[in-house]
Amino acid sequence: MVPLPEPRTDDNSTADLTGVIRARRRQVWRSRLILIGAVAAVLIIVAVLWFSPLLALDKVSVKDSNLVDGEKVTEEVLRTEGGTPLPQVRPGTVEKNVLKEFPRAKEASVHYSGPRSLSIEITDRDPVLAITTSDGYEFFDDEAVNLGTVKKAPKGVTVLKESGGAPDEKTVAAVIRFMAELPPKLRSDLHSIQAKDEKNLSGVIDTGKTKAKVVFGDDSSAGLKMRTALQLAADGRTEIDVSVPSVPVTN
């Protein structure tokens, strides 16, 4: 009897193709299982970190500002977020809560600063007006937010002088709108302002070289009125009416 030939193992062999397909399938499944295992391991780690008391927030550092007490901010954040695992603490939520509890802050930038800590940087609101009171000077920003009271006369902040009694809310709002429209440079040249009512604003401009009394009228066109008054004061005018800025009146 003639012996059978050995199985062929070249590229045309059906047996060889079947083996290659099986090997490729094993390789694909091996890769898939490795990937699934890696994803599962990551999920387990994330779950552990998400709930781990080892990452519980216990420190908040706040850089003091002129208007906001950093220690009080720290106490408030730890009261609401203390003990929460850091991965669950959302900086955006903390920022919103800080701004709500501390309205004198214009911005609050919150960052992770360690496995158990946050750092917060406060940006103050800018005062644009100081109103004289029996206790000193009460600050307001361009959104009419009360920034507190100080004893000494403020530097670089326009003072609302008394005009026959304390101004009502509408009058104060008109003055603040007028001040808010002025760029910082023009605002600094307005030394003081008075208001009989919301339609009758006046003030004193003082650039260091010139000083003049100015009637502004209502709170409209504040920038144009100030620039016109400063130009006339530079020409030596000391009593100026720019209530209609296109037709100023001087004495």
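Heads up: these notes are all about the structure in this document. (Residues numbered from 1 in each chain as written. Predicted model: local features only at pLDDT ≥ 70, side-chain atom pairs only at ≥ 80, totals over all residues. Heavy atoms only, no water.)

Below, the discussion takes up the overall build of the protein. Looking only at helices and strands, the protein has six helices and twelve strands in total. Of all 251 residues assigned to the protein, the portion counted as buried reaches 33%. Looking at the protein alone, contacts between residues at least 24 apart form 46% of all its contacts between residues at least 6 apart. Of the roughly 16,200 Å² of accessible surface on the protein, 55% is carried by carbon and sulfur atoms. (Helix = DSSP H or I, 4+ residues; strand = E, 2+ residues; numbered from the N terminus. Buried < 20%, exposed > 50% of the residue type's maximum accessible area, 1.4 Å probe, protein only. Contact = heavy atoms within 4.5 Å. Areas by Shrake-Rupley, 256 points an atom, 1.4 Å probe, with all protein chains shown as cover.)

Looking now at the layout of surface pockets. When its volume is computed, the largest pocket comes out at roughly 200 Å³. Lining the largest pocket we find 13 residues, and of these Pro154, Gly156, Val157, Val159 and His191 sit closest to its centre. Residue classes in the lining of the largest pocket are distributed as six nonpolar, four polar and three charged. (1 Å grid on protein atoms, 1.4 Å probe; cavity = no way out; pocket = protein on both sides within 12 Å on 5 of 7 lines; lining within 4 Å. Points joined across faces, edges and corners; volume = space filled by probe spheres on them. Nonpolar A, V, L, I, M, F, W, Y, C, P; charged D, E, K, R; others polar.)

Attention now moves to the side chain of Ser65. Along the polypeptide, Ser65 turns up in the loop between strand E1 (59–63) and helix H2 (70–81). A polar atom in the side chain of Ser65 sits 2.7 Å from the side chain of Asp124. Setting aside chain neighbours within four positions, we find Ser65 in contact with Ile122 and Asp124. (Polar contact = N/O pair within 3.5 Å; in protein donor to acceptor, adjacent residues only side chain to side chain.)

The next point concerns the environment of Val73. For Val73, the position within the fold is in helix H2. Between the C-alpha atoms of Val73 and Ser61, which are twelve residues apart in sequence, the distance is 9.0 Å.

Enumeration over the complete set of coordinates arrives at seven salt bridges. Between Arg116 and Asp58 there is a salt bridge, with its nearest N and O atoms 2.9 Å apart. Of the two residues, Arg116 sits in the loop between strand E2 (105–114) and strand E3 (117–124) while Asp58 sits in the loop between helix H1 (14–51) and E1, which places them 58 residues apart along the sequence. Using a relative accessible area of 29% as the deciding quantity, one classes Arg116 as partly exposed. Between Asp218 and Lys225 there is a salt bridge whose closest N-O contact spans 3.1 Å. It is possible to trace a salt-bridge network through shared partners that takes in Arg125, Asp141 and Glu143. (Salt bridge = Lys/Arg side-chain N within 4 Å of Asp/Glu carboxyl O.)

Okay, a negative patch on the surface next. On the surface, Asp64, Asp69, Glu71 and Glu75 cluster together to form a negatively charged patch. Mapping Glu75 onto the fold places it in helix H2. (Patch = residues over 30% accessible without salt bridge, like charges linked within 9 Å, V, L, I, M, F, W, Y side chains within 5 Å. Lys, Arg positive; Asp, Glu negative; His and termini not counted. Charge placed at Lys NZ, Arg CZ, Asp CG, Glu CD.)

Glancing now at a positive patch on the surface. Residues Arg22, Arg25, Arg26 and Arg30 make up a contiguous surface patch of positive charge. Note that Arg25 resides in helix H1. According to the relative accessible area criterion, Arg25 is exposed, its value standing at 57%.

One ladder, built from two bridges, connects strand E7 (residues 159–160) with strand E8 (residues 190–197); its direction is parallel. Paired with Val159 across the strands is Ser192, a residue of E8. Pairing between E8 and strand E9 (residues 200–206): six bridges, direction antiparallel. Its bridge partner lying in E9, Asp197 is registered against Asn200. Following E8, the chain reverses through two residues before pairing antiparallel with E9. (Pairing = 2+ DSSP bridges.)

Strand order in this open sheet of nine strands is E6-E5-E4-E7-E8-E9-E10-E11-E12, and the pairing throughout is mixed. Two strands lie at the open edges of the sheet, namely strand E6 (146–150) and strand E12 (249–250), each paired on one side alone. Across six bridges, strand E4 (residues 127–133) lies against strand E5 (residues 136–141) in antiparallel orientation. Of the residues in E5, the one forming a bridge with Thr133 is Gly136. Along the sheet, helix H4 (residues 169–181) contacts E4, E5, E7, E8, E9 and strand E10 (211–217); its crossing angle with E8, the most-contacted strand, is approximately 145°. The strands touched by helix H6 (residues 222–234) within the sheet are E8, E9, E10, strand E11 (239–241) and E12, with E10 carrying the most contacts at an inclination of about 150°. (Axes fitted to C-alpha atoms, helices over the stretch in contact; angles between N-to-C directions.)

Moving on, we get to the sheet that holds E1. Taken in spatial order, the three strands line up as E1-E3-E2 in an open sheet, and their pairing is mixed. Edge positions in the sheet fall to E1 and E2, since each has one partner strand and no second. Across the sheet, the axes of successive neighbouring strands diverge by a mean angle of 20°, strand direction being ignored. Sheet topology note: the E2/E3 ladder contains eight bridges and is antiparallel.

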